[in-house]
Amino acid sequence: MRILIVDDEPAMHDSYRRSFAPIGNADAGALDAMAAELFGDDDDAPAEPGTAMDFALTHAMQGLAGVAAIEKAIADGDPFAVAFIDVRMPPGIDGKETATRIRALDPDINLVMVTGYSDFSPIEISKAAGPADKIFYIAKPFEVAEVTQMASALSHRWQLDRELAATRAALAEKIVILEEQGLELAANESKAVHIANHDSLTEAPNRLAFLRTLAEKTRGNESFATAMVDLDRFKLVNDTLGHLAGDDLIRQICVVLQDAMPDGGMVARLGGDEFGLLFESPGEQAACMVVERLIKLCSASFKIFGHSVQCGASAGFVYVEAGQKHDPVDVMRRADLALNAAKQAGRGVVRTFDDTMDESIRFRRRIEGGLSKSIEKGELNLVYQPIVARDGLEVVGFEALLRWDTEEFGPVSPSMFIPIAEESNLIHELGTWVLCEAVKELKDWPGQYVSVNFSPRQFRRHNFIGHVLECVQRAGVEPNRVQIEITETAIFDDADRAADTLYRLRQMGFRIALDDFGTGYSSLYNIRKFALDCLKIDRSFIDGMGRERESAAIVHSIIHLGRALGLGVIAEGVETEAQVMALRAAGASHLQGFYFSRPVAADAAREMALARFIPDPSGLEEEYLEPELGNGTHG
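Just so it is clear, the model here is predicted, and its values are computed rather than measured.

### So, the overall build of the chain
Scanning the chain from terminus to terminus reveals 23 helices and 21 strands. Considering the chain as a whole, with its 635 residues, one finds that 47% of them fall into the buried category. Here the chain has roughly 31,500 Å² of accessible surface; of this, 52% comes from carbon and sulfur atoms.

In structure tokens, the structure reads:
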């Protein structure tokens, strides 16, 4: 460790030399102990316990010589740890000035002011050569132990300060690197988000961004318009001038639309030469005026690679009033229908969507309106299809199927009206009616159960369990005579909640069947997770058994899986004797389908229940049968 001695008396230099001469192990140990007492811990001492620290002394007779030694040490990269400086050194600069200059050159060195006088001012020296924690004082004459202890302790501290500074510098460098990496990552993430939501040709929002913004608008409380714009004769530009010219025209049209769009509006390139517009509007007429103005601006001449190109556009839009809730995809579909009507009417035309453009919407509204009055008008009725045991063809239960026969439309297929009811609140009213009617009929059967289908929307109802239990208790039947049929779709969205609901229902005694098994997203997972009594194999697999090896393999796998898990397996849609034989051989526990009986009216179902066994299917009397309307979950 390097020590600088600055003193004008040769005798003092001799004293320093004797003080720092090599000493015995005992003395070294004492010095180490004193250093440990001073700094609290000797674990990081530079010398092993019991050995002295090695010092290299440099002597200067005057202050200027000491300053020069500091300059050279710093230049050589070998600085001093401690400098002992005499306060009074005539002639030349005194100790205060020497310390001040040394401190200016080396802010890390520890300074020890040595003097035999009492009239010097430590405060002035500290102000000039501080900080105070790096300047110390020893009075002349000094003891050897006092000097060596001071040198050892301050050298140790100096070394630790250097190591700490190096660690801090390395840490600061790593922090800078991490910050740079963080900025780079943020920039890349921002770039990726921008690419995912913007069209690469025009830099305008793309279809994904447009649909997301439209979804936000449909949830808001502002009236707005959505328009689809399509360029007229764009293919002609591509065919005559090339695709680069077509790209340039697309960019120019996009700029025109963006410049003329009302404040807060959005222009998106949806693909090809089609653009989407979204803007708030106080009314449908005002929205129409905005779209017409934009189309007029697009119907102009554009310079494309030195050529003058006459462009035009057509548009269709839909106006959504504040408070109306719509599916954003359906809003775009309606705007697209209006665009098709505009293009059919000629070029440069704007059309507003109305229901005549979508026959399905008008028909849906008529169905929905009729369905809402179906219970009141007595148009609904239930039919029952027996579920028979594999051995002996015993009737163990019936699946209740809803039918609707209207004055206006005649019989309406469940595949048509059930989805409409599912998308509206009508499904709850219909579901309640079906459950109550089914359990009421159940009281006249000797012991069979009734299987009732529940839609995903019914199943997600917050009071679903209480509602079902109330209907069953009001009818005075046991829960174990009611089977709840659900599809994987009903439980897929919120599996944890569904698992809890099914567990509670099963604890109350209800039977649980997983309908249309094999067609869902995660069938094996669902079997393991949910409390079930049986699986119902989808009729599409049964129908394909005789033609497709894959269907037969799926049916066999489902049956074996159900049996391994202790679950019943009901095969739906059984229509032929060959299917019956194959399913019996495979081990299906129960069968259901036209081969045994079509869905029948309540009185015929009552007779089957009392008879308990299905006779030869070929001998069924015609009056037991209803006109063929279908089979399965919705008949």
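### Some points on the sheet that holds strand 8 (residues 274-280)
Judged by pairing direction, the sheet is mixed, and its five strands sit side by side in the order 7-8-6-11-12 without closing on themselves. Unpaired on one side and paired on the other, strand 7 (266-271) and strand 12 (350-352) mark the two borders of the sheet. Adjacent strand axes in the sheet meet at a mean angle of 20 degrees when their direction is disregarded. In the sheet, strand 7 pairs with strand 8 via five bridges, with the strands oriented antiparallel. Paired with A268 across the two strands is G276, which belongs to strand 8. Helix-sheet contacts for helix 7 (residues 207-219) involve strand 6 (224-232), strand 7 and strand 8, and the interaxial angle to strand 8 is about 25 degrees. Packed on one face of the sheet, helix 9 (residues 243-260) meets strand 6, strand 7 and strand 8 and runs near 10 degrees to strand 8.

### With respect to the sheet that holds strand 1 (residues 2-6)
Sheet strands pair via backbone hydrogen bonds, and the direction of the pair is either parallel or antiparallel. Here we have five strands laid out as an open sheet, ordered 2-1-3-4-5, and parallel in their pairing. Edge strands, defined here as strands with exactly one partner in the open sheet, are strand 2 (56-60) and strand 5 (135-139). Across this sheet, the average inter-strand angle for adjacent strands is 20 degrees, counted without regard to direction. Pairing between strand 3 (residues 82-86) and strand 4 (residues 110-115): five bridges, direction parallel. Across the sheet, the residue bridging to A83 is L111, located in strand 4. Each of strand 1, strand 3 and strand 4 is contacted by helix 4 (residues 95-105), which is oriented at about 175 degrees to strand 4, the strand it contacts most.

Calculation criteria
- Residues numbered from 1 in each chain as written.
- Predicted model: local features only at pLDDT ≥ 70, side-chain atom pairs only at ≥ 80, totals over all residues.
- Heavy atoms only, no water.
- Helix = DSSP H or I, 4+ residues; strand = E, 2+ residues; numbered from the N terminus.
- Buried < 20%, exposed > 50% of the residue type's maximum accessible area, 1.4 Å probe, protein only.
- Areas by Shrake-Rupley, 256 points an atom, 1.4 Å probe, with all protein chains shown as cover.
- Pairing = 2+ DSSP bridges.
- Axes fitted to C-alpha atoms, helices over the stretch in contact; angles between N-to-C directions.
- Contact = heavy atoms within 4.5 Å.

As far as function goes, none of this settles anything; it's purely spatial.
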